[in-house]
Amino acid sequence: MLKQPMADEPLDDFERRSITLLGNTKGVYVAGTGPAVIVMAEMPGISPHVARFSRWVRDSGFTVYMPSLFGRDGAFPDAEEGAAVLQRACVSAEFRAFAANESSPVTRWLRALASLAHEQCGGRGVGAIGMCFTGNFALSMMLEPSMLAPVLCQPSLPLNNPGEIQIAPEELARVKERLEREDLTVMGYRFAGDRFCTAQRFAAYTAALGDRFVAKVLPDEAANPEPPPFFKRVVGGPHSVVTAHLIDAAGEPTLAARDEILSFFARRLAA
């Protein structure tokens, strides 16, 4: 079992690139070889746990693209600092954290990143995983033709309406049509008692996408009982399936979920 990340880390096994798309420049951490997978961090940013998941993806034969969307890169999730990052993101026009039936503007940049990553890495297409604040973004990214493997981990937006999903209706219709036409699926993961990603939200995804949305719900007792302070004090319950609440031990449901996600990427993206 790997030791739980408990401190800031430099991310020095990733190459940090400044990537300009649609007139907007963001830092993106890149590592590995093979088809591209975009890993979008949860709140409060690219933590050591998010980096650990990206390394698992990299070591499974993929090129990881990990964009810096908020927070301090490599920071251990401290409660006070993390709460401040969350507060800033909630009022950012880039995310529209409280908007239902709209798409976050940042998803346009992420679709452009997926297109660039496919051009740079080749293969059949690109995978993407969003978590928490970014959880729904992988669905909106399906408007990019190279996107083939979307994973939604505990999608938490809109924050104030647990029974809605954050995507414009016309975009949702186009995504659903593509899923049917190309026989694709969207994977979704949450803990049963998650108060940010509720059963109502997964019901909304099922209502919108039918059996193209594959819902995976883990029992609350499968969550790591000692996550970092931000998750213990601010999130306050089981939430982060493949990062802060993952238990890295054989037979654990969270580790099985990680392996299932890696297998999903392999099936969809391998030549």
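In this report, the structure presented in the accompanying data block is examined. Predicted model only: the values in this text are computed from it and were never measured.

1. Some points on empty space enclosed by the protein
Here is step 1 of the chain: Inspection of every chain in the model, using the stated rule, returns one cavity of 30 Å³ or more.
Here is step 2 of the chain: Quantified by volume, the largest cavity comes out at close to 70 Å³.
Here is step 3 of the chain: Lining the largest cavity are 13 residues; nearest its centre among them are Pro44, Arg72, Ala75, Phe76 and Pro77.
Here is step 4 of the chain: Residues that form the lining of the largest cavity fall into these classes: six nonpolar, four polar and three charged.

2. A short note on the state of the cysteines
Here is step 1 of the chain: For the structure on display, the rule yields zero disulfides.
Here is step 2 of the chain: Left without a disulfide partner, Cys132 is nearest to the cysteine sulfur of Cys197, which lies 9.2 Å away.

3. Observations regarding the packing of aromatic side chains
Here is step 1 of the chain: Scanning all chains against the criterion turns up 10 aromatic pairs.
Here is step 2 of the chain: Between Phe95 and Phe133, the ring centres sit 5.4 Å apart and the planes meet at 75°, which makes this aromatic pair edge-to-face. Of the two residues, Phe95 sits in the loop between helix H2 (79-90) and helix H3 (106-121) while Phe133 sits in the loop between strand E5 (126-131) and helix H4 (137-140), which places them 38 residues apart along the sequence. Comparing Phe95 with Phe133, the two get one shared label, buried.
Here is step 3 of the chain: When the centroid spacing of 6.3 Å and the interplanar angle of 40° are considered together, the rings of Phe264 and Phe265 count as tilted.
Here is step 4 of the chain: The buried category is assigned to Phe265, whose relative accessible area is 0%.
Here is step 5 of the chain: Through a chain of ring-to-ring contacts, three or more aromatic side chains come together here, namely Phe70, Phe95, Phe133 and Phe137.
Here is step 6 of the chain: Here the guanidinium or amino end of Arg190 rests over the ring plane of Phe202, the centre of that ring lying 5.6 Å away.
Here is step 7 of the chain: The cationic tip of Arg258 hangs over the ring face of Trp56; the distance from NZ or CZ to the ring centre is 4.5 Å.

Rules of the game
- Residues numbered from 1 in each chain as written.
- Predicted model: local features only at pLDDT ≥ 70, side-chain atom pairs only at ≥ 80, totals over all residues.
- Heavy atoms only, no water.
- 1 Å grid on protein atoms, 1.4 Å probe; cavity = no way out; pocket = protein on both sides within 12 Å on 5 of 7 lines; lining within 4 Å.
- Points joined across faces, edges and corners; volume = space filled by probe spheres on them.
- Nonpolar A, V, L, I, M, F, W, Y, C, P; charged D, E, K, R; others polar.
- Disulfide = S-S within 2.5 Å.
- Phe/Tyr/Trp six-rings, centres within 6.5 Å; stacked < 30°, edge-to-face > 60°.
- Helix = DSSP H or I, 4+ residues; strand = E, 2+ residues; numbered from the N terminus.
- Buried < 20%, exposed > 50% of the residue type's maximum accessible area, 1.4 Å probe, protein only.
- Lys NZ or Arg CZ within 6 Å of the ring centre and 35° of its normal.

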